[in-house]
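The lines below spell out each chain.
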Amino acid sequence: FSLGAILCEILTGKPPYTGSPKDQLIAATQSRLEPALERLEAADAPDGLKRVVHACLEPLPSDRPKNARVVAEQLSSYLASVQDRARKAELDALASETRADQERKARKRTLLLAGVVSLAIVAGGLGYVVWKRDRDARHAKAVPLVAEALRDAVRLEGEKEWVGAIAAAQRAADIAASEGVDDAGARRMLDRFEALR
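Residues numbered from 1 in each chain as written. Predicted model: local features only at pLDDT ≥ 70, side-chain atom pairs only at ≥ 80, totals over all residues. Heavy atoms only, no water.

Quick notes on the packing of helix α7 (residues 162–179) against helix α8 (residues 184–196)
Stage number 1. Axis separation between α7 and α8 bottoms out at 9 Å; the angle between their running directions is 160°. Regarding the angle of α7 to α8, the classification is roughly antiparallel. By crossing handedness, the relation of α7 to α8 is classed as left-handed. Facing Trp162, Ala165, Ile166, Ala169, Gln170, Ala172 and Ala173 of α7, the residues of α8 in contact are Ala186, Arg187, Met189, Leu190, Phe193, Glu194 and Leu196.
Stage number 2. Looking at side-chain class alone, the contact of α7 with α8 contains 11 nonpolar, one polar and two charged residues. (Axes fitted to C-alpha atoms, helices over the stretch in contact; angles between N-to-C directions. Helix = DSSP H or I, 4+ residues; strand = E, 2+ residues; numbered from the N terminus. Parallel < 35°, antiparallel > 145°, perpendicular 65-115°, else oblique. Left-handed = near helix turned anticlockwise from the far one by under 90°. Contact = heavy atoms within 4.5 Å. Nonpolar A, V, L, I, M, F, W, Y, C, P; charged D, E, K, R; others polar.)

What to know about the state of the cysteines
Stage number 1. Taken as a whole and assessed by the stated rule, the structure comprises zero disulfides.
Stage number 2. Cys8 takes part in no disulfide bond, and the closest cysteine sulfur to it belongs to Cys56, at a distance of 11 Å.
Stage number 3. We classify Cys8 as buried; its relative accessible area is 0%.
Stage number 4. Taking the relative accessible area as the measure of exposure, Cys56 reaches 2% and is therefore buried. (Disulfide = S-S within 2.5 Å. Buried < 20%, exposed > 50% of the residue type's maximum accessible area, 1.4 Å probe, protein only.)

Digging into the packing of aromatic side chains
Aromatic rings in a pair are described by how distant their centres are and how their planes are angled relative to each other.
Stage number 1. Tallied over the full model, the rule gives two aromatic pairs.
Stage number 2. Taken together, a centroid distance of 6.3 Å and an interplanar angle of 20° make the contact between Phe1 and Tyr17 stacked. Pair noted here: Phe1 is in the segment before α1 (2–12) and Tyr17 is in the loop between α1 and α2 (21–29), with a separation of 16 residues, a long-range link.
Stage number 3. For the ring pair Tyr128 and Trp131, a centre distance of 5.8 Å and an interplane angle of 35° mean the geometry is tilted. Taken as a pair, Tyr128 and Trp131 lie in helix α6 (residues 97–158) at a separation of three residues, close to a single helical turn. (Phe/Tyr/Trp six-rings, centres within 6.5 Å; stacked < 30°, edge-to-face > 60°.)

Here we look at the pattern of salt bridges
Stage number 1. Enumeration according to the criterion identifies 12 salt bridges in this entry.
Stage number 2. In this structure, Arg99 engages Asp92 in a salt bridge whose closest nitrogen and oxygen atoms are separated by 3.6 Å.
Stage number 3. The partly exposed category is assigned to Arg99, whose relative accessible area is 35%.
Stage number 4. Where Arg138 meets Asp134, a salt bridge forms, and the shortest distance between an N and an O atom there is 2.7 Å. Pair noted here: Arg138 and Asp134 are both in helix α6, with a separation of four residues, about one helical turn.
Stage number 5. Residue class for Arg138 comes out partly exposed when judged on its relative accessible area of 34%.
Stage number 6. Judged by its relative accessible area of 40%, Asp134 is partly exposed.
Stage number 7. Where salt bridges share partners, they join Asp152, Arg155, Glu159 and Arg171 into one cluster. (Salt bridge = Lys/Arg side-chain N within 4 Å of Asp/Glu carboxyl O.)

Description of the nonpolar core
Stage number 1. Residues Leu11, Leu49, Val53, Val71, Leu75 and Leu113 are the most contacted members of the largest nonpolar core, which totals 24 residues.
Stage number 2. Of all the secondary-structure elements, those providing two or more residues to this core are α1, α3 (34–42), α4 (47–56), α5 (68–93) and α6.
Stage number 3. Top contributing element to this core by residue count: α5, with five residues.
Stage number 4. In this structure, Val71 is in contact with Leu3, Val52, Cys56 and Pro65, ignoring residues within four places of it in sequence.
Stage number 5. Within the second largest apolar cluster, 18 residues are counted, among which are Ala173, Ala176, Val181 and Leu190. (Core = buried A, V, L, I, M, F, W, Y, C linked by side-chain atoms within 4.5 Å.)

Brief notes about α3
Stage number 1. Within α3, the full set of buried residues consists of Ala36, Arg39 and Leu40. Here the buried residues of α3 occupy an arc of 100° about the axis, which is enough to place them on one side. Exposed residues lying more than 90 degrees from the buried face of α3 are Glu38 and Ala42. (Arc of directions from axis to C-beta.)

Take a look at the structure:
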């Protein structure tokens, strides 16, 4: 969605959601994209590029391109087709001065698209780095919590406090599952406590 928002602003001169910060937040939470899509349709941009932006701005994440690589491939494919058209226009431009003017405009568009593709790739890479850093930070916080819950479970097992031991092992499994940490040890401990109880 972010790549679509960037491309929308490049093509229309405005971000998808406009107005005060409060208005933007309300529009975003309600997925009110009609004004942005109308601006996009009115923009002097090629239909193929508009289709890529429109797909990126779909309200449901499942309807959008899977990741930045897909968007970059679509833009690269589109850019290749634009470059092919630009080459043909260059040959035709030899016939008349008017066609030469059109070729210069096509070249400018190609450069803009190359910039957009570069921006999309950089944004996708940055998004991945931020996501990975956030995930790693959550894992780093979750591992000691899981270990502490497992220590509590072992201590309570030694005291024959089965209900508390099961609850501590379950807490460890729940924390591990919610943060994507390996929970095999907690699951084995839970199974063992249930069998012993």
